[in-house]
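What follows is each chain in one-letter form.
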Amino acid sequence: KALNFINPDELSMQCILIALNRFLQEKHGSKMAFLDGNPPERLCKPIADHIESLGGKVILNSRIQKIELNADKSVKHFVLTNGNIITGDAYVFATPVDILKLLLPEDWKEISYFKKLDKLVGVPV
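The name recorded for the protein chain in an unreviewed UniProt entry is Phytoene desaturase, from Hydrilla verticillata.

Next up, the structure:
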């Protein structure tokens, strides 16, 4: 349901089949539900509220210029295009896959987890 804004000719059915297979394998998979409202209000806001209730900070409408790494290849901080530096214990980076590929640090490009990004192709929304 959440993917209904993507033109079916541009969406691989593999994505939908993987999601359905995952839900159907769950103990209560038959109770699969759809959002009862718009995604920003019914999905994004509760997630942001939960993060903030645990002391986290949600920063919106900001563009990441660079992901800086520590010597052990973990995230040191994000550098925003406005010059601000964002540090934290954990990061959630919501961006189109094409942008993520451009910002991916060189040290991460050979890690098998991130090599899987090569197979992803972004579609205009």
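K.L.:
Any chance you could break down unusual backbone geometry for me, citing the residues and the numbers?
P.N.:
In the Ramachandran plot, Asn61 falls in the positive-phi region, its phi being about 55° despite a non-glycine side chain. Looking at the secondary structure, you find Asn61 in the loop between α2 (39-53) and β1 (64-69). At Lys73, a residue that is not glycine, the phi angle is positive and equals roughly 75°. Relative to the helices and strands, Lys73 is located in the loop between β1 and β2 (75-80).

K.L.:
Residues and numbers for the nonpolar core, please.
P.N.:
Counting 11 residues, the largest nonpolar core consists of Ile64, Ile67, Leu69, Phe78, Leu80, Val97, Leu103, Leu104, Trp108, Phe114 and Leu117. For this core, the secondary-structure elements that each account for two or more residues are β1, β2 and α3 (97-103). When residues of this core are assigned to their parent elements, the largest contribution, 3 residues, is made by β1. The contact partners of Ile67, leaving out residues within four places of it in the chain, are Val75, His77, Phe78, Phe93, Leu103, Pro105 and Trp108.

K.L.:
Run through the packing of aromatic side chains, naming residues and quoting values.
P.N.:
What the rule picks out here adds up to 4 aromatic pairs. Centroid distance Phe78 to Tyr91: 4.7 Å. Interplanar angle 40°. Geometry classified as tilted. In this pair, Phe78 sits in strand β2 while Tyr91 sits in the loop between β3 (85-86) and α3, placing the two residues 13 residues apart along the sequence. A residue is classified by how much of its surface remains accessible, and Phe78, at 7% relative accessible area, is buried. Take Tyr91: its relative accessible area is 24%, and that puts it in the partly exposed class.

K.L.:
Let's hear about the sheet that holds β1: which residues, and what values?
P.N.:
With antiparallel pairing, 3 strands are arranged side by side in an open sheet as β1-β2-β3. Edge positions in the open sheet fall to β1 and β3, since each of these has one partner strand only. As paired elements, β2 and β3 share 2 bridges and run antiparallel to each other. Bridge pairing in β3 places Phe78 opposite Ile86.

K.L.:
Would you mind going over the environment of Leu100 in detail, with residue names and values included?
P.N.:
Mapped onto the fold, Leu100 is located in helix α3. If sequence neighbours within four positions are ignored, Leu100 has contacts with Phe93, Thr95 and Leu117.

K.L.:
Could you give an account of the pairing of β2, with specific residues and numbers?
P.N.:
By the bridge criterion, 5 bridges tie β1 to β2 in an arrangement that is antiparallel. Directly across from Glu68, in β2, lies its bridge partner His77. Adjacent in sequence and paired antiparallel, β1 and β2 are bridged by 5 residues, among which Lys73 carries a positive phi angle near 75°. The antiparallel pairing of β2 with β3 creates a hairpin that spans 4 residues between the two strands, and Gly83 there sits at a positive phi of about 95°.

K.L.:
Any details on the environment of Pro105? Residues and values, ideally.
P.N.:
Within the secondary structure layout, Pro105 lies in the loop between α3 and α4 (112-115). In this structure the C-alpha to C-alpha distance between Pro105 and Lys66, which are 39 residues apart in sequence, comes to 8.0 Å.

Calculation notes
Residues numbered from 1 in each chain as written. Predicted model: local features only at pLDDT ≥ 70, side-chain atom pairs only at ≥ 80, totals over all residues. Heavy atoms only, no water. Helix = DSSP H or I, 4+ residues; strand = E, 2+ residues; numbered from the N terminus. Core = buried A, V, L, I, M, F, W, Y, C linked by side-chain atoms within 4.5 Å. Buried < 20%, exposed > 50% of the residue type's maximum accessible area, 1.4 Å probe, protein only. Contact = heavy atoms within 4.5 Å. Phe/Tyr/Trp six-rings, centres within 6.5 Å; stacked < 30°, edge-to-face > 60°. Pairing = 2+ DSSP bridges.

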